[in-house]
Amino acid sequence: MIKNTQPKLLAEIPGSPEKIANKRIMHTRIANMMRELNTLIYAGSQDSILLVCGPTGVGKSTLSTYMVEDALKKDSAKMNSDAGLISAIYVQAPSSGENEFSWRLLYQRILQQLESGLEMPKVAYGIDAITGRMVRPRGATGNSLAGLRTAVEQGLRARQTRFLVIDEAAHIIRQTSNNRLGIQLDTLKSLANECGTQIVLVGSYDLYQLVSLSAQIARRTHVLHFERYRQDHDSDVRAFQACVQNFQNTLPELWGEELMQYVKALHENTLGCIGTLNTVLTRAAKLAQENGKWSVDALRRALLTEKQREAILEEILDGEAAINPALTRTMPTSGTRTRRHSERNVA
């Protein structure tokens, strides 16, 4: 914990804590996760759905944004020659407050991203030859759920979208009754197969229960664990320290060289989650700005309370206990295969 020492005053703060709020760090976890995702996203892949699970505040939304930005940057030359191309799209799964998940809102959000360009190919299916805009179904069924689904399928094909990132994807299952969960994932799998677009679902550990719904879903889904930085792993401790150093360097006029001495306390309080660290440091900067001076007290008041930390830690430990053993991959021995084959023959 941060010791209750006399606050140390520094120079007047110029008033730019927003620099921290908007700060995104390409730290080790994100870089490794992007590398693995980019390897698994390719034309003809049988992994229709890629499932990225991790704790709250670990940086999943930052990862999602980086993924799409990186894809668009790499495909910029193609997009310059083909104004209709959008190789990757990012949306957030809606939490509408309804009893069931709103596919209508999700489809509308996808369509907004698909229609964001001013120009599109004039010859692609579903594109108006005069305006260059995507053609939506019209008439009585134009705004029906089926009509929106058709428009999304046409748009993803017309835009040649390689992958679609759906952030906060846990909303899909939290707003769905248990007997309909299989239908929800089948809907996404069908969309991916129809359009040749891989879907990356990003969310909390709740998402992991989707892969146990059926063998077919499990076969077409690959799970990736976006882990926090643990305090009992030396490499994780060093990586977390590097992140704190990065945040300190963002506002040297605020922190000076003072922030690094509180790395251990910050690691413990934020549970090694960089998104939570960002929130805490942004809050500390705002509190310091209000006081007109930097102080240790401002940093202390910005920390999570013990109740908050305990609630998040419990969720993390439950999630890690569920997903880590399940992600163990082993090769069965020949003796095991022979024994199981014999058991089937006896049965």
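Coordinates for the structure precede this section.
An account of the accompanying structure is given in this report. (Residues numbered from 1 in each chain as written. Predicted model: local features only at pLDDT ≥ 70, side-chain atom pairs only at ≥ 80, totals over all residues. Heavy atoms only, no water.)

A word on the sheet that holds strand β2 (residues 88-92)
Within a sheet, each strand pairs with its neighbour through backbone hydrogen bonds, oriented either parallel or antiparallel.
In step 1: Within the open sheet, the 5 strands sit side by side as β2-β3-β4-β1-β5. Their pairing is parallel. Strands with a single pairing partner mark the edges of an open sheet, and in this sheet they are β2 and β5 (221-225). Going from strand to strand, the sheet's axes swing by 20 degrees on average, the running direction of each strand aside.
In step 2: Pairing of β2 with strand β3 (residues 163-167) involves 5 bridges; the strand directions are parallel. Pairing of Ile89 across the sheet is with Leu164, part of β3. (Pairing = 2+ DSSP bridges. Helix = DSSP H or I, 4+ residues; strand = E, 2+ residues; numbered from the N terminus. Axes fitted to C-alpha atoms, helices over the stretch in contact; angles between N-to-C directions.)

Quick notes on the side chain of His267
In step 1: Looking at the element boundaries, His267 is found in helix α12 (residues 263-270).
In step 2: Among the residues examined, His267 registers a relative accessible area of 3% and is labelled buried.
In step 3: Among residues more than four places away in sequence, those in contact with His267 are Tyr229, Arg230, Gln231, Asp236, Val237, Phe240 and Gly272. (Buried < 20%, exposed > 50% of the residue type's maximum accessible area, 1.4 Å probe, protein only. Contact = heavy atoms within 4.5 Å.)

Describing the pairing of β5
In step 1: Burial runs high along β5: 5 of the 5 residues are buried.
In step 2: Neither face of β5 is exposed, since Thr221, Val223 and His225 on one face and His222 and Leu224 on the opposite face are all buried.
In step 3: The sheet contact formed by strand β1 (residues 49-53) and β5 spans 5 bridges and is parallel. Counted as the bridge partner of Val52 is Leu224 from β5.

Let's talk about helix α3 (residues 60-74)
In step 1: Compared with an ideal rise of 1.5 Å per residue, which puts 15 residues at 21 Å, α3 spans 21 Å between its outermost C-alpha atoms and is within 8% of the ideal.
In step 2: The set of residues buried in α3 consists of Lys60, Leu63, Ser64, Tyr66, Met67, Val68 and Ala71.
In step 3: Packed against the buried residues of α3 are α2 (28-40), β1, β2, β3 and β4 (198-203). (Expected span 1.5 Å × (residues − 1).)

Remarks on the environment of Val52
In step 1: With respect to the secondary-structure elements, Val52 resides in strand β1.
In step 2: Spatially, the C-alpha atoms of Val52 and Leu63 are 9.9 Å apart, while their sequence positions differ by 11 residues.
In step 3: Residue contacts for Val52: discarding those within four places in its chain leaves Met33, Leu37, Leu63, Val200, Leu201, Val202, Gly203, Leu207, Leu224 and Phe226.

Quick notes on a negative patch on the surface
In step 1: Taken together, the side chains of Glu306, Glu310, Glu314, Glu315 and Asp318 define an acidic patch exposed on the protein surface.
In step 2: Mapped onto the elements of the fold, Glu310 is located in helix α15 (residues 306-326). (Patch = residues over 30% accessible without salt bridge, like charges linked within 9 Å, V, L, I, M, F, W, Y side chains within 5 Å. Areas by Shrake-Rupley, 256 points an atom, 1.4 Å probe, with all protein chains shown as cover. Salt bridge = Lys/Arg side-chain N within 4 Å of Asp/Glu carboxyl O. Lys, Arg positive; Asp, Glu negative; His and termini not counted. Charge placed at Lys NZ, Arg CZ, Asp CG, Glu CD.)

Points about the nonpolar core
In step 1: Ile166, Leu188, Ile199 and Leu201 are the most contacted members of the largest nonpolar core, which totals 37 residues.
In step 2: Put simply, the parts of the chain that give this core at least two residues each are β1, β2, α5 (103-114), α6 (145-158), β3, α7 (170-174), α8 (181-195) and β4.
In step 3: The element contributing the most residues to this core is α5, with 6 residues.
In step 4: By size, the runner-up hydrophobic cluster in this structure holds 28 residues, among which are Ile25, Cys243, Leu266 and Ala298. (Core = buried A, V, L, I, M, F, W, Y, C linked by side-chain atoms within 4.5 Å.)

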